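Residues per chain are reported as follows:
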Amino acid sequence: MRPSARTCTFMGENGPVTSVTDTPLPAVTRLIATDLDGTLLRDDKTLSARTVAALAAAGEAGIEVFFVTGRPARWMDVVRDHVQSHGTAICANGAVVTDLRTDGELLSVRPLERAAALHVVRTLRERAPGTSFAVEMTTGINYEPAYPPFHLDPGATVAVAEKLLHEDAPGAGAQVIKLLAHHTELAPDAFLALARTAAGDRAAFTRSSPSALLEVSGLGVSKATTLAACCAERGISPAEVVAFGDMPNDVEMLSWAGASFAMGNAHPDAVAAASGRTATNEEDGVAVVIERILAALPDKR
């Protein structure tokens, strides 16, 4: 890392929405913060021409765009060709800030301490037998034999989580970004509630997958806390931010932003946290709102 002043294919669980509400927009929009999967990206993990044009127009209007995602920095190629003037990405649910214009250089890392990760592993093994784990590090992902394999990471080490997290394990000098916990039988929201009750005092738990896959970060780490720090460094207030998301890992960010939109395919928790709703990711819901923002500018193009 280098020091920097700027360190910083499923239908949603709440059904589709085909029209955008007239949710009030900020008097001044200085920054757009958008999730990727299920939000900015279509179900095939691409950006529509309309969305690409909207992002470019926002940049031309002087509005910063942050990509704020649960993805690791190495999985940001889906938007790297469309960063234009906006290259900041908050990855791994707030654990990492990266600059996509510098080939994914990590500007800051908010790690999950190994002791806390081990505590979570031991607790979930006891409270939810059958849980399997993966360990996301700054050097890549490693996972247990029972964990669903990552075909995009053929070089991963496969071993039990206790070994992967041991101080003497290969790559032990790398920082742990997040722990992933998967269960084949529990309902996703029930698994999340169980984990928060059992170990929420040691780590932050959320989810963004339709399956029972939990994402575990350091205590206090979220999309919202890292976005807030990045905005503070730029002198941008929450009232000047418009955010978009669709899943529980977006809830804090949607609550923090001055104006926020849950996608038409969003989880009920995201809908409850947002100040408004937009169309689905397949219907260019983010672009629809960006176009509203640009149309309201005094010197609209």
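Residues numbered from 1 in each chain as written. Predicted model: local features only at pLDDT ≥ 70, side-chain atom pairs only at ≥ 80, totals over all residues. Heavy atoms only, no water.

### With respect to the overall build of the protein
Move 1: Helix and strand content of the protein: 10 helices and 13 strands.
Move 2: Relative to its 301 residues, the protein shows a buried fraction of 56%.
Move 3: By element, 54% of the accessible surface of the protein is carried by carbon and sulfur atoms, the whole surface being about 12,300 Å². (Helix = DSSP H or I, 4+ residues; strand = E, 2+ residues; numbered from the N terminus. Buried < 20%, exposed > 50% of the residue type's maximum accessible area, 1.4 Å probe, protein only. Areas by Shrake-Rupley, 256 points an atom, 1.4 Å probe, with all protein chains shown as cover.)

### Re the sheet that holds strand S5 (residues 105–109)
Move 1: One open sheet accounts for eight strands, arranged S5-S4-S3-S2-S1-S11-S12-S13; its pairing is mixed. With one partner strand each, in any of the chains shown, S5 and strand S13 (276–277) form the two edges of the open sheet.
Move 2: Here four bridges tie strand S11 (residues 241–245) to strand S12 (residues 259–262), and the two strands are oriented parallel to one another. Residue pairing across strands places Ala243 opposite Ser260, the latter belonging to S12. (Pairing = 2+ DSSP bridges.)

### As for the pairing of strand S6 (residues 132–137)
Move 1: The element S6 is extensively covered by neighbouring structure, given that six of its six residues are classed as buried.
Move 2: By the alternation rule, side chains of S6 split into Ser132, Ala134 and Glu136 and Phe133, Val135 and Met137, which are all buried.
Move 3: The loop that links S6 with its antiparallel partner strand S7 (residues 140–143) comprises two residues.

### What to know about the sheet that holds strand S8 (residues 176–182)
Move 1: If you trace the five strands from one edge of the open sheet to the other, you get S7-S6-S8-S10-S9, paired in antiparallel fashion. Either end of the sheet is taken by a strand with one partner, and the two such strands are S7 and strand S9 (204–207). Averaged over all adjacent pairs, the angle separating strand axes in this sheet is 25 degrees, with direction ignored.
Move 2: Pairing of S8 with strand S10 (residues 213–217) involves four bridges; the strand directions are antiparallel. Opposite Leu180, over in S10, you have Glu215 as the bridge partner.
Move 3: Its contacts with the sheet place helix H4 (residues 114–127) against S6, S8, S9 and S10, and it is angled at close to 5 degrees to S8.
Move 4: The strands that helix H6 (residues 188–199) touches are S8, S9 and S10; relative to S9, the one it contacts most, it runs at about 175 degrees. (Axes fitted to C-alpha atoms, helices over the stretch in contact; angles between N-to-C directions. Contact = heavy atoms within 4.5 Å.)

### Here we look at the environment of Val79
Move 1: Positionally, Val79 belongs in helix H3 (residues 77–80).
Move 2: In sequence terms Val79 and Ala89 are 10 residues apart; their C-alpha atoms lie 9.8 Å from each other.
Move 3: Those residues in contact with Val79 that lie beyond four places of it in its chain are Leu36, Leu40, Leu41, Leu47, Phe67 and Leu100.

### Regarding helix H2 (residues 49–60)
Move 1: Between its first and last C-alpha atoms H2 spans 17 Å; for 12 residues at 1.5 Å apiece the expected length is 16 Å, and the two agree.
Move 2: Of the residues making up H2, those classed as buried are Thr51, Ala54, Leu55, Ala56, Ala58 and Gly59.
Move 3: Buried residues along H2 sit against strand S1 (31–34), helix H1 (36–40), strand S2 (64–68) and helix H10 (285–295).
Move 4: Downstream of H2 by one or two residues, Gly62 has phi in the positive range, about 85 degrees. (Expected span 1.5 Å × (residues − 1).)

### Observations regarding the environment of Tyr143
Move 1: Positionally, Tyr143 belongs in strand S7.
Move 2: Tyr143 gets classed as buried once you look at its relative accessible area, which sits at 10%.
Move 3: Taking the C-alpha atoms as reference points, Tyr143 and Leu179, separated by 36 residues in sequence, lie 9.7 Å from one another.

### What about the nonpolar core?
Move 1: Among the nonpolar cores identified, the biggest contains 35 residues, and Ile32, Leu40, Phe67, Met76, Val79 and Ile290 are the most heavily contacted of them.
Move 2: Among the secondary structure elements, those contributing two or more residues to this core are H1, H2, S2, strand S3 (88–91), S5, S11, S12 and H10.
Move 3: In terms of residues, this core owes the most to one element, H10, which gives six residues.
Move 4: Counting 28 residues, the second-largest nonpolar core is a separate cluster that includes Leu164, Ala174, Ala181 and Phe205. (Core = buried A, V, L, I, M, F, W, Y, C linked by side-chain atoms within 4.5 Å.)

### Section: helix H7 (residues 223–233)
Move 1: Every buried residue of H7 is accounted for by Lys223, Ala224, Thr226, Leu227, Cys230 and Cys231. Buried residues of H7, seen end-on, are gathered within an arc of 165 degrees and therefore sit on one face of the element.
Move 2: At the N-terminal end of H7, a side-chain oxygen is found 3.2 Å from the backbone nitrogen of Ala224, two or three residues along, and the residue is Ser222. (Arc of directions from axis to C-beta. Polar contact = N/O pair within 3.5 Å; in protein donor to acceptor, adjacent residues only side chain to side chain.)

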